[in-house]
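Residues per chain, in single letters:
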There are 2 protein chains.
Amino acid sequence: MELKRTTEGEKGFEKVFAFLRERLLAGSLKPGDRLISERELATLLGVSRPIVREALRALTVLGIVEIRDRIGTVVTRPDVSVLNDFFTFALAQQADMLDDVMQARVAIECQAIRLACERANIADFERLQRALAKIGETIDEADAGGMADFEFHRAIVVASHSETLTVLHSSMAGLLTHSHRSRRELVQAFPSMKTYLIDDHRRIFEAVIARDPERADATLRKHFAIGDEYRRRAVVGDIDKTSASG
Amino acid sequence: MELKRTTEGEKGFEKVFAFLRERLLAGSLKPGDRLISERELATLLGVSRPIVREALRALTVLGIVEIRDRIGTVVTRPDVSVLNDFFTFALAQQADMLDDVMQARVAIECQAIRLACERANIADFERLQRALAKIGETIDEADAGGMADFEFHRAIVVASHSETLTVLHSSMAGLLTHSHRSRRELVQAFPSMKTYLIDDHRRIFEAVIARDPERADATLRKHFAIGDEYRRRAVVGDIDKTSASG
DNA sequence: GTCTGATCTTGGTCAGACCAGTATGCTAAC
DNA sequence: GTTAGCATACTGGTCTGACCAAGATCAGAC
């Protein structure tokens, strides 16, 4: 890993970026701190302001700092949007990546649900229960149903009380909601999915309530597997009505 | 989701960024394509060159494009380094996040090993076997041992043939190697760890060879759990020599 | 003590310029 | 006809200095 520490060798953008990275990584610049002004930074490092802006902008898209108009540049707590942007772009150029990302999503959720079994508190249970109820209520609506589905799964991750898992999970939120929604659109056509959706989520919920990690993980995995199967069949045209319409 | 499509409303940086994002997401700009020159982009969008550079730089740190000196700006395939940067910064500012990241690592690897059981080919098996052998050979060396350990786990993820999982995993590489290394430093002091390290990894390897996802996952999880246990005890001072030195 | 307004500072942006190499094409030599 | 060679246009990389709008600050008026 080439985390150049020298603020000397590089020039221009690299110089400024390295300078700031150093302070950021060393901890001398912490979230909440305000950087010196762009002008000062420029003269300090012997570069022009546009260059300083490039570096600040770079840190901005990385979610490290926030440039506030007419206020200054402040260090922020890293947040999800970066990953969001990244995945958005990445997926646009590699559509085949979608299934791949889904695998990561499964990974995150299955780990999250295990942690949730240990760490979930009453509030988490209640959130899950509400989401579960919502799924039942909105079973016939594509949009609302998709949201409810997503909320349930998000509640699981939140209940893990793991910020990293939550971050990773929400970074895929865009895709997930899409996925959930399209799944819901199938519901109208295929009655058996209603049972699948409601029962599966209830079983998952119960496993968490029982604080049984193994069962929760297994149930969740099965849930995903069945979902995949539905989608697979939908593509082929086969479904409940196996012998009906082609 | 606020993926502003309008290249109209925003101004300055946002304008350029949105303009490029639109093409990138729509697919009219594909990896390998060369963008028009900064100057042209500037006049085209009615902004100054420094602003264009900010936008290009932003896309650069997101790993979307690459600015080649005196050549031009070309669209690249999104790659890992972005997430790497992000996690590096994120973790630097939240040391307490380390355990949390380990959870994500467990998540990724357990999912990866499941996929690996399905998708691994001969080359993957061989890589795993080599890594396994290396672990045995370097069992008494802290540095090399840590590397071997890391290599083995990385081989698992690679064998999953999931780019997303690989990306996420390597983005935590920095922390992981650290973790592996410090674990290895304990080996010298506590003989029972040698057996643990060698046998565990062998069992994991065998499960993958057997293409048994459930067993592989379970074994890997157990491996992590035991590792945690060792670390936990190390902190307390308790170990093999329970009744020996305090 | 409080309110108000001038001033300083900050980010946001622009215009034009220079440098150093790359790419290209045209010319001149073979 | 082909090719070597060089001038030129073009590219990114950077700097200088300037202007704007609006938040922050502090002096002075009330």
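Right above here is the structure, for reference.
Just so it is clear, the structure is predicted and the values come from calculations on it, not from any experiment.

**Details of the overall build of chain A**
Right, so step 1: Of regular secondary structure, chain A possesses eleven helices and two strands.
Right, so step 2: Walking chain A from its N terminus toward its C terminus, one meets helices and strands in the order α-α-α-β-β-α-α-α-α-α-α-α-α.
Right, so step 3: Classification of the 246 residues of chain A by burial places 50% in the buried group.
Right, so step 4: Summarising the internal contacts of chain A: among those between residues at least 6 apart in sequence, 66% fall at separations of at least 24.

**Remarks on the side chain of Arg105 of chain A**
Right, so step 1: Mapping Arg105 of chain A onto the fold places it in helix 5 (residues 97-119).
Right, so step 2: Within the structure, Arg105 of chain A has its side chain in polar contact with the side chain of Glu109 of chain A (distance 2.7 Å).

**Concerning the protein's contact with DNA strand C**
Right, so step 1: For DNA strand C, the set of nearby residues contains 24 residues, the closest of which are Arg39, Arg49 and Arg53 of chain A together with Ser48 and Arg70 of chain B.
Right, so step 2: The sugar-phosphate portion of DNA strand C accounts for 65% of its atoms within 4 Å of the protein, the bases making up the rest.
Right, so step 3: A distance of 3.0 Å separates a phosphate oxygen of DNA strand C from a polar backbone atom of Glu38 of chain A.
Right, so step 4: Within the backbone of Arg70 of chain A, a nitrogen or oxygen atom sits 3.1 Å from a sugar or linking oxygen of DNA strand C.
Right, so step 5: Going through the elements one at a time, helix 2 (38-45), helix 3 (49-61), strand 1 (65-68) and strand 2 (72-75) of chain A together with helix 3 (49-61) of chain B are the ones with two or more residues in the surface near DNA strand C.

**Looking at the protein's contact with DNA strand D**
Right, so step 1: As a matter of local geometry, DNA strand D sits amid 24 residues, with Ser48 and Arg70 of chain A together with Arg39, Arg49 and Arg53 of chain B nearest to it.
Right, so step 2: The sugar-phosphate portion of DNA strand D accounts for 59% of its atoms within 4 Å of the protein, the bases making up the rest.
Right, so step 3: In the environment of DNA strand D, a phosphate oxygen lies 3.5 Å from a nitrogen or oxygen atom belonging to the backbone of Gly46 of chain A.
Right, so step 4: Within the backbone of Glu38 of chain B, a nitrogen or oxygen atom sits 2.9 Å from a phosphate oxygen of DNA strand D.
Right, so step 5: Going through the elements one at a time, helix 3 of chain A together with helix 2 (38-45), helix 3, strand 1 (65-68) and strand 2 (72-75) of chain B are the ones with two or more residues in the surface near DNA strand D.
Right, so step 6: Residues that form the surface near DNA strand D fall into these classes: six nonpolar, six polar and twelve charged.

**Brief notes about the packing of helix 5 of chain A against helix 8 (residues 163-171) of chain A**
Residue and element names in this part refer to chain A.
Right, so step 1: The geometry of helix 5 relative to helix 8 is characterised by a closest axis approach of 10 Å and an angle of 145° between their N-to-C directions. By crossing handedness, the relation of helix 5 to helix 8 is classed as left-handed. Where helix 5 approaches helix 8, its residues Arg105, Ile108, Glu109, Gln111, Ala112 and Leu115 are matched on the opposing element by Leu165, Leu168 and His169.
Right, so step 2: For the contact of helix 5 with helix 8, a count of residues per class yields five nonpolar, two polar and two charged.

**Concerning the pattern of salt bridges**
Right, so step 1: One pass over the structure, following the stated rule, counts 37 salt bridges over all chains.
Right, so step 2: The residue Arg57 of chain B makes a salt bridge to Glu54 of chain A at a minimum N-O spacing of 2.7 Å. Highlighted residues: Arg57 of chain B in helix 3 and Glu54 of chain A in helix 3, drawn from two different chains. Neither Arg57 of chain B nor Glu54 of chain A differs from the other in exposure class; each is buried.
Right, so step 3: Residue Arg68 of chain A pairs with Glu66 of chain A through a salt bridge whose shortest N-O separation is 3.6 Å.
Right, so step 4: The network of salt bridges with common partners includes Arg114, Glu214, Asp217 and Arg221 of chain A together with Arg114, Glu214, Asp217 and Arg221 of chain B.

**Thoughts on the interface of chain A and chain B**
Right, so step 1: The partner chain B presents 55 residues to the 55 residues of chain A that form the contact.
Right, so step 2: It is Phe86, Phe89 and Gln93 of chain A that lose the most area in chain A upon contact with chain B, and together they represent 16% of the buried surface on that side.
Right, so step 3: The interface formed by chain A and chain B includes six salt bridges.
Right, so step 4: Counting the contacts that link chain A with chain B gives 16 residue pairs in polar contact (both at pLDDT 80 or more).

**Notes on the pairing of strand 2 of chain A**
Residues in a regular strand point their side chains to alternate faces of the sheet.
Right, so step 1: Here strand 1 of chain A runs beside strand 2 of chain A; their pairing, made up of four bridges, is antiparallel. Looking across to strand 2 of chain A, one finds that Arg68 of chain A is bridged to Gly72 of chain A.

**Notes on unusual backbone geometry**
Right, so step 1: Of note in the backbone geometry, His161 of chain B takes a positive phi value of approximately 55° without being a glycine.
Right, so step 2: Looking at where His161 of chain B falls in the secondary structure, it is placed in the loop between helix 7 (142-159) and helix 8 (163-171).

**Brief notes about the packing of aromatic side chains**
Right, so step 1: Applying the stated criterion across every chain yields a total of five aromatic pairs over all chains.
Right, so step 2: Ring geometry for Phe13 of chain A and Phe17 of chain A: centres 5.4 Å apart, planes at 20°, overall stacked. Of the two residues, Phe13 of chain A and Phe17 of chain A are both situated in helix 1 (residues 13-26); the distance of four residues between them amounts to about one turn of the helix.
Right, so step 3: A residue is classified by how much of its surface remains accessible, and Phe13 of chain A, at 8% relative accessible area, is buried.
Right, so step 4: Its relative accessible area of 6% is what places Phe17 of chain A among the buried residues.
Right, so step 5: The structure contains a cluster of three or more aromatic residues connected by ring pairs, namely Phe89 of chain A together with Phe13 and Phe17 of chain B.

Calculation criteria
Residues numbered from 1 in each chain as written. Chains lettered and ligands numbered in written order. Predicted model: local features only at pLDDT ≥ 70, side-chain atom pairs only at ≥ 80, totals over all residues. Heavy atoms only, no water. Helix = DSSP H or I, 4+ residues; strand = E, 2+ residues; numbered from the N terminus. Buried < 20%, exposed > 50% of the residue type's maximum accessible area, 1.4 Å probe, protein only. Contact = heavy atoms within 4.5 Å. Polar contact = N/O pair within 3.5 Å; in protein donor to acceptor, adjacent residues only side chain to side chain. Near = heavy atom within 4 Å. Nonpolar A, V, L, I, M, F, W, Y, C, P; charged D, E, K, R; others polar. Axes fitted to C-alpha atoms, helices over the stretch in contact; angles between N-to-C directions. Left-handed = near helix turned anticlockwise from the far one by under 90°. Salt bridge = Lys/Arg side-chain N within 4 Å of Asp/Glu carboxyl O. Buried area = accessible area lost by both parts, 1.4 Å probe. Pairing = 2+ DSSP bridges. Phe/Tyr/Trp six-rings, centres within 6.5 Å; stacked < 30°, edge-to-face > 60°.

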